[in-house]
Structures are given as structure tokens and as C-alpha cells.
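Chain residues, written in single-letter form:
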Amino acid sequence: MSPTGRSVTVRVPATSANLGPGFDTLGLALSVYDEVTVTVRDEPGAFVEIHGVGESVVPTDASNLVVRSLAHTFEAMGRPVPGVDLVAHNVIPHGRGLGSSGAAVVAGIVAAKGLLEGIVDVDSDTLLRLATELEGHPDNVAPALFGGLTIAWVEGSGPQHKKLLVHRGVSPLILVPQHTLSTKLARSLQPASVPHEDAVFNVSRSALLIAALTQSPELLFAGTEDRLHQSYRASAMPETDRLVTLLRGHGHAAVVSGAGPSVLVLADGPGQRLEAAELVARESESPWESKLLAVDVRGATIVSD
């Protein structure tokens, strides 16, 4: 059975990883979405059309990350890689710590799952494994795949995740700068080891953050303290560091989103979120785009097929 002629549209949310103390472990899906339509054709190869973010930059051939992820999935399932037409409508900012590459990986894998429906079953464990193989870490791809707040880890059998529902009082605010930052550069600033007391500090705050996000939003400020990675990366993004310091100095639970340079504020209600946005507009030394978002609870979805 061949998927020739089939078409699927996949919607994938942005994500914010780390959330302060949960380095390479915690991730949150957010209500900003890329949408990709993939149609299988008779001819080999890939034709890619990009609209929105990355329109003149993202590759439009078989080297496109969505296409490569789709091909990786077909190969992993033992199926021949088909020729495809792909149309992408991108909204997630690139290079700003909001999971754009993870979203592209997930879009390709979930599109392949949809195209292979009735031919080969691709279960959730396989989705996460394939996405982690391509992305390198499960902390961004897990929330992009499954939505909500996710705890991701790797054990002998491969990457694992646990999805948790976020308390309805949690109100995310994303602050996006005009400049980008390489994830590779940010990771290069991370030391090979950290002081024992800092490791213990982050263990306590990560546990507290789970409680804050799921049950007690009033604990978000204490739950987002970090000693493991943000201070080491501050030199690569001084404007981000200044903004986080400004917001936390006024009692807002602000953290670096992913590898940065965007900033995530986890407010314990809409009123506090507005106060944070107004503070940034009034006192920040550089321009930031404020996005008042919701937590996405569904993750990647097939819109139509």
C-alpha cells in the first residue's frame, strides 16, 4: 500500500524549555503555531514553499528540516521515502529559544505518521524516540508532540516523558527580542561541572516548580530560581540578562526561554502578567515584543488529511 496522493496538515506549538531550574528536562507548550501541509506525489524529491517566518532563509529542497524529519520517519518504519510537496506557514520565531527547530522536527514526524496511517502504526514512544534522534534532546520535542508541561528524561530503553496539566491560573508571557542567538553558542558556555550546592539548589527548585505549575502558582517566583545554566550564558545575551534581572527585581517569575534570547514570564494570573508587560515597555533599555499566550494542551495535531 502506497501513500501516493495523500495529504496531511500538521499544527505544531512553540515550546519553552528549561523553565529556569529544569535544565534539559522541563518544557512547556505555548499557543503559537507553525502549520505544515505535506502532499505525496509520484515524482521523487521535495518541493517546499515557505510563508511567514524564515520565508527567504529556510531551505526549500530536500535539506529542509521538516522534509528530513519526514524522510527519517519513513526510513525508520521501513517504508520508501516518497516525493513530497510541502507548504509551511511559520509563525514561531527562529533562533530565539522558542523551539522552532523542534517544531520543524515534530511537524515532519507527525506528518509522516499521518501519511502512513493504515499502512504502519507510529506510536507515541516511537514519535518521541525519532524526534529525540533528530533534535538531540527531548525537552523541546516532548511538549511540541504532546502539549502541556512535560518532564522528559532518557533511560536505557530510550527517551521518556510525563505530561502534566498546568494550573489554570498560570499565565505565560513571552518577550521576544529582535536579535537571535545560536543554541550551539549558548551550550558552549555551560561548564562541565557545577558546585554541589548549586546542583542541590536546582533539584529543590525543579521539584518546587512542578508544584507551582500544577497546584500552587503563588510559588512560581521561588520555583523558577536557577544556578545551573542561566548565569553561565549571560555573557552571550546581556540584554536578556538585564531583562530577567529587571523582572525578577519586581517580583516576576522570569527565566530565559530555552537557550534564549527570549524571556519567559510565568505569571500567577492575567493581572500580574499585564504588570510584567507594562514594566518591560516602560523600563527596558531595548525593544521586546510581548506575547500574552496560553499553555497549549494538545501538542502537535493533524488538522486534516
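All figures in this text were calculated on a predicted structure; none of them were measured in a lab.

S.K.: Whenever I open this one, the overall build of the protein confuses me. Can you help?
M.R.: Assigned secondary structure in the protein consists of 10 helices and 11 strands. In terms of C-alpha radius of gyration, the protein reaches 19 Å, essentially the compact-globule figure of 19 Å for 305 residues. Out of the 305 residues belonging to the protein, those deemed buried represent 54%. Put simply, 74% of the contacts in the protein that link residues at least 6 apart link residues at least 24 apart. Entry remark: accessible area of the protein is about 13000 Å², with carbon and sulfur atoms responsible for 52%. Measuring between centres, the 22 positive side-chain charges of the protein sit 2 Å from its 33 negative side-chain charges.

S.K.: Where do I start with the packing of helix H3 (residues 124-135) against helix H4 (residues 138-146) in this structure?
M.R.: Working note: a packed helix pair is described by the angle between its axes plus the distance between those axes. The contact between H3 and H4 brings their axes to 9 Å, and the two run at 140°. In terms of axis orientation, H3 runs oblique to H4. Taken as a pair, H3 and H4 cross one another with a handedness that is right-handed. Contacts from Ser 124, Leu 127, Leu 128, Ala 131, Thr 132 and Glu 135 in H3 reach Pro 138, Val 141, Ala 142, Leu 145 and Phe 146 in H4.

S.K.: Even after reading the chapter, I still don't get the packing of aromatic side chains, so can you show me in this structure?
M.R.: Two numbers describe a pair of aromatic rings. These are the distance of the centres and the angle of the planes. If you walk through the whole model with that rule in mind, you get zero aromatic pairs. Against the face of Tyr 33 rests Arg 11, its NZ or CZ located 3.8 Å from the ring centre. Above the face of the Phe 201 ring, Arg 205 is positioned so that its terminal group lies 4.0 Å from the ring centre.

S.K.: Honestly, the side chain of Lys 291 in this entry has me stumped. Any pointers?
M.R.: Along the chain, the position of Lys 291 falls in strand S10 (residues 289-292). Overall, the relative accessible area of 19% leaves Lys 291 in the buried class. Separated by 3.2 Å, the side chains of Lys 291 and Glu 289 make a polar contact. The contact partners of Lys 291, leaving out residues within four places of it in the chain, are Pro 172, Leu 173, Ile 174 and Val 176.

S.K.: Can you help me understand helix H1 (residues 65-76) in this one?
M.R.: Along its 12 residues, H1 runs 16 Å from first to last C-alpha, staying within 8% of the 16 Å computed at 1.5 Å per residue. Those residues of H1 lying buried are Val 66, Val 67, Ser 69, Leu 70, Ala 71, Thr 73 and Phe 74. Of the surrounding elements, those touching the buried residues of H1 are strand S2 (26-41), strand S3 (46-52), strand S4 (83-90), helix H2 (100-115) and H3. Two or three places before Val 66, at the opening of H1, Asn 64 has a side-chain oxygen 2.9 Å from that residue's backbone nitrogen. Downstream of H1 by one or two residues, Gly 78 has phi in the positive range, about 75°.

S.K.: Help me out: how do you make sense of unusual backbone geometry in this one?
M.R.: In most cases, non-glycine residues show a negative phi, while peptide bonds are predominantly trans. In this chain, Gly 260 is followed by Pro 261 through a cis amide linkage whose omega measures 5°. Tracing the chain through its elements places Pro 261 in the loop between strand S8 (254-256) and strand S9 (263-267). Although it is not a glycine, Leu 19 adopts a positive phi angle of roughly 55°. As for its placement among the helices and strands, Leu 19 is situated in the loop between strand S1 (7-17) and S2.

S.K.: Can you help me understand the side chain of Ser 16 in this one?
M.R.: Residue placement: Ser 16 occurs in strand S1. Of the polar contacts made by the side chain of Ser 16, one reaches the side chain of Ser 257; its length is 2.8 Å. When residues no more than four places from it in sequence are discounted, the contact partners of Ser 16 are Leu 26, Gly 27, Leu 28, Leu 30, Gly 97, Asn 140, Ser 257, Gly 258 and Leu 264.

S.K.: It is not clear to me how the sheet that holds S10 should be interpreted in this structure. Could you clarify?
M.R.: Overall, antiparallel pairing links the four strands, which are arranged S8-S9-S7-S10 in an open sheet. What marks the edges here is a single partner per strand, and that holds for S8 and S10. Mean inter-strand twist for the sheet, computed between neighbouring axes without regard to direction, equals 25°. Bridge count between S8 and S9: three bridges; the pairing is antiparallel. Within the sheet, the bridge partner assigned to Val 255 lies in S9 and is Leu 264. Contacting strand S7 (171-176), S8 and S9, helix H9 (residues 238-249) runs over the sheet at an angle of about 160° to S8.

S.K.: Any chance you could explain the pattern of salt bridges here in plain terms?
M.R.: Side chains bearing opposite charge may pair, as long as their charged atoms lie close to each other. All chains considered together, the criterion is met by seven salt bridges. In this structure, Arg 205 and Glu 225 form a salt bridge, with 2.9 Å as the shortest nitrogen-oxygen distance. Within this pair, whereas Arg 205 is found in helix H6 (residues 196-214), its partner Glu 225 is found in the loop between helix H7 (220-223) and helix H8 (230-233), the two being separated by 20 residues in sequence.

S.K.: Whenever I open this one, the environment of Leu 70 confuses me. Can you help?
M.R.: In this structure, Leu 70 sits in helix H1. The exposure class assigned to Leu 70 is buried, which follows from its relative accessible area of 3%. Leu 70 sits 45 residues away from Leu 115 along the chain, and the two C-alpha atoms are 9.7 Å apart. Non-local contacts of Leu 70, meaning those with residues more than four positions away in its chain, are made with Val 38, Val 84, Gly 108, Ala 111, Ala 112 and Leu 115.

Conventions used here
- Residues numbered from 1 in each chain as written.
- Predicted model: local features only at pLDDT ≥ 70, side-chain atom pairs only at ≥ 80, totals over all residues.
- Heavy atoms only, no water.
- Helix = DSSP H or I, 4+ residues; strand = E, 2+ residues; numbered from the N terminus.
- Rg over C-alpha atoms; globule rule 2.2 N^0.38 Å.
- Buried < 20%, exposed > 50% of the residue type's maximum accessible area, 1.4 Å probe, protein only.
- Contact = heavy atoms within 4.5 Å.
- Areas by Shrake-Rupley, 256 points an atom, 1.4 Å probe, with all protein chains shown as cover.
- Lys, Arg positive; Asp, Glu negative; His and termini not counted.
- Charge placed at Lys NZ, Arg CZ, Asp CG, Glu CD.
- Axes fitted to C-alpha atoms, helices over the stretch in contact; angles between N-to-C directions.
- Parallel < 35°, antiparallel > 145°, perpendicular 65-115°, else oblique.
- Left-handed = near helix turned anticlockwise from the far one by under 90°.
- Phe/Tyr/Trp six-rings, centres within 6.5 Å; stacked < 30°, edge-to-face > 60°.
- Lys NZ or Arg CZ within 6 Å of the ring centre and 35° of its normal.
- Polar contact = N/O pair within 3.5 Å; in protein donor to acceptor, adjacent residues only side chain to side chain.
- Expected span 1.5 Å × (residues − 1).
- Pairing = 2+ DSSP bridges.
- Salt bridge = Lys/Arg side-chain N within 4 Å of Asp/Glu carboxyl O.

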